[in-house]
Amino acid sequence: MGRVFGPFLFINHKSALYVCFFVAKYFMSEILYTLIATHITIICVTVFLHRGQAHKGIEFHPALSHFMRFWLWLTTGMITKEWVAIHRKHHRFCETDNDPHSPKTYGLTTVLFKGAFLYHAASKDKDMVNSYGVGTPNDWMERNVYTTHSRLGIGILLMLNVILFGWVGLLIWGIQMIWIPFWAAGVVNGIGHYWGYRNGNTKDNSRNISPWGIIIGGEELHNNHHLDPANIKLSRKKFEFDIGYFYCRLFAKMHLLKIR
Ligand SMILES: [Zn+2]
Ligand SMILES: [Zn+2]
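Residues numbered from 1 in each chain as written. Chains lettered and ligands numbered in written order. Predicted model: local features only at pLDDT ≥ 70, side-chain atom pairs only at ≥ 80, totals over all residues.

### Regarding the overall build of the protein chain
- The secondary structure content of the protein chain amounts to 12 helices and four strands.
- Taking 260 residues into account, the globule formula puts the C-alpha radius of gyration at 18 Å, and the protein chain, at 19 Å, falls close to it.
- With the principal axes as the frame, the protein chain shows a C-alpha extent of 55 × 40 × 40 Å.
- Buried residues in the protein chain amount to 36% of all 260 residues.
- Once local pairs closer than 6 in sequence are excluded, the contacts in the protein chain between residues at least 24 apart make up 61%. (Helix = DSSP H or I, 4+ residues; strand = E, 2+ residues; numbered from the N terminus. Rg over C-alpha atoms; globule rule 2.2 N^0.38 Å. Buried ≥ 20, exposed ≤ 12 C-beta atoms within 10 Å, placed from the backbone. Contact = placed C-beta atoms within 7 Å.)

### Remarks on unusual backbone geometry
- A positive phi angle is found at K56, which is not glycine, with a value near 55°.
- Mapped onto the fold, K56 is located in the loop between α2 (28-54) and β1 (58-60).
- Taking the number of C-beta atoms within 10 Å as the measure of exposure, K56 has 13 and is therefore partly exposed.
- Despite not being glycine, E95 shows a phi value in the positive range, around 70°.
- Tracing the chain through its elements places E95 in the loop between α4 (80-92) and α5 (103-106).

### Side note on the packing of helix α3 (residues 62-75) against helix α9 (residues 152-165)
- Viewed as axis vectors pointing N to C, α3 and α9 meet at an angle of 70°, and their least axial separation amounts to 5 Å. Comparing the axis directions of α3 and α9 gives the class roughly perpendicular. Contacts between α3 and α9 involve W73, L74 and T75 from the former and G153, I156 and L157 from the latter.
- When its residues are assigned to classes, the contact of α3 with α9 shows four nonpolar, two polar and no charged. (Axes fitted to C-alpha atoms, helices over the stretch in contact; angles between N-to-C directions. Parallel < 35°, antiparallel > 145°, perpendicular 65-115°, else oblique. Nonpolar A, V, L, I, M, F, W, Y, C, P; charged D, E, K, R; others polar.)

### Things to note about the nonpolar core
- If you look at the biggest cluster of nonpolar residues, it comprises 39 residues, and the most contacted ones within it are C44, W183 and A184.
- Elements supplying a minimum of two residues to this core: α2, α3, α4, α6 (108-123), α7 (126-132), α10 (168-190) and α12 (243-253).
- Take this core: its biggest share by element is eight residues, from α2.
- Contacts of C44, omitting those with residues within four sequence positions, involve M68, W71 and L72. (Core = buried A, V, L, I, M, F, W, Y, C linked by C-beta atoms within 7 Å.)

### Re α10
- Taking 1.5 Å of rise per residue, 23 residues should cover 33 Å, and α10 covers 31 Å from first to last C-alpha, within 8% of that figure.
- Of all the bends in α10, the greatest reaches close to 35° and is centred on I178; the proline P181 follows between one and four positions later.
- Among the residues making up α10, those that are buried are I172, W173, Q176, W179, I180, W183, A184, A185, G186, V188, N189 and G190. (Expected span 1.5 Å × (residues − 1). Bend = angle between axes of the 7 residues up to and from the residue.)

### Regarding the environment of H91
- Structurally, H91 is set in helix α4.
- Residue H91 is classed as partly exposed on the basis of its C-beta count, with 15 C-beta atoms lying within 10 Å.
- Remark: the alpha-carbon pair of H91 and P229, spanning 138 residues in sequence, is separated by 8.5 Å.

Okay, structure coming up:
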């Protein structure tokens, strides 16, 4: 017992545990950095891009919105206007052929593993981006840095990672680059419209993937979101937890945002 199939026959549970302890012991700072950095990115996506910009449920203090815009530029390369436009179009045409990423149209596997490509294809429609992306930031930083040089941030991040962690920094950067495409574009847009429980009937196929929204910042509660898109609180039942809303309350107490 304890043997793994295939070419890894020599690995048993004991040596797998040893490898885990070795990695945890010698790469603790790298692991902590990766978990904290990806968590901040997820929180910026759900609080700033989704609840704040796409659904206009939050009024930000400039210090917080500037930090979140900078962090998203540094760690994802995503453009606010494009993200917002594609997401609003998703709500408008949910589960139809005009939905930019419906598993009903494209199939679950495509949305789950190639969600970022669907996002990229949708972002090419500039007329759509202009009409659905209204009301997003259009200041000097947006025009001259974040939009014009959208890939510069992730290039700087790559250098920072290598300076901080040597060649392991490359691996960390790779994890950071697939974090949002997998969890947000893949899991939320794919699984969130395919598998899970529902708290209420919507015309779309949205599902709550898990009652505890932590890894994807609360976006796991996707059926709850489609039931009431304007509500920035994504949990509805007592047993559900939305960490994104927890941060919203925390930032509100710190006077860094106002919930509309
Ligand atoms: Zn949805
Ligand atoms: Zn939404």
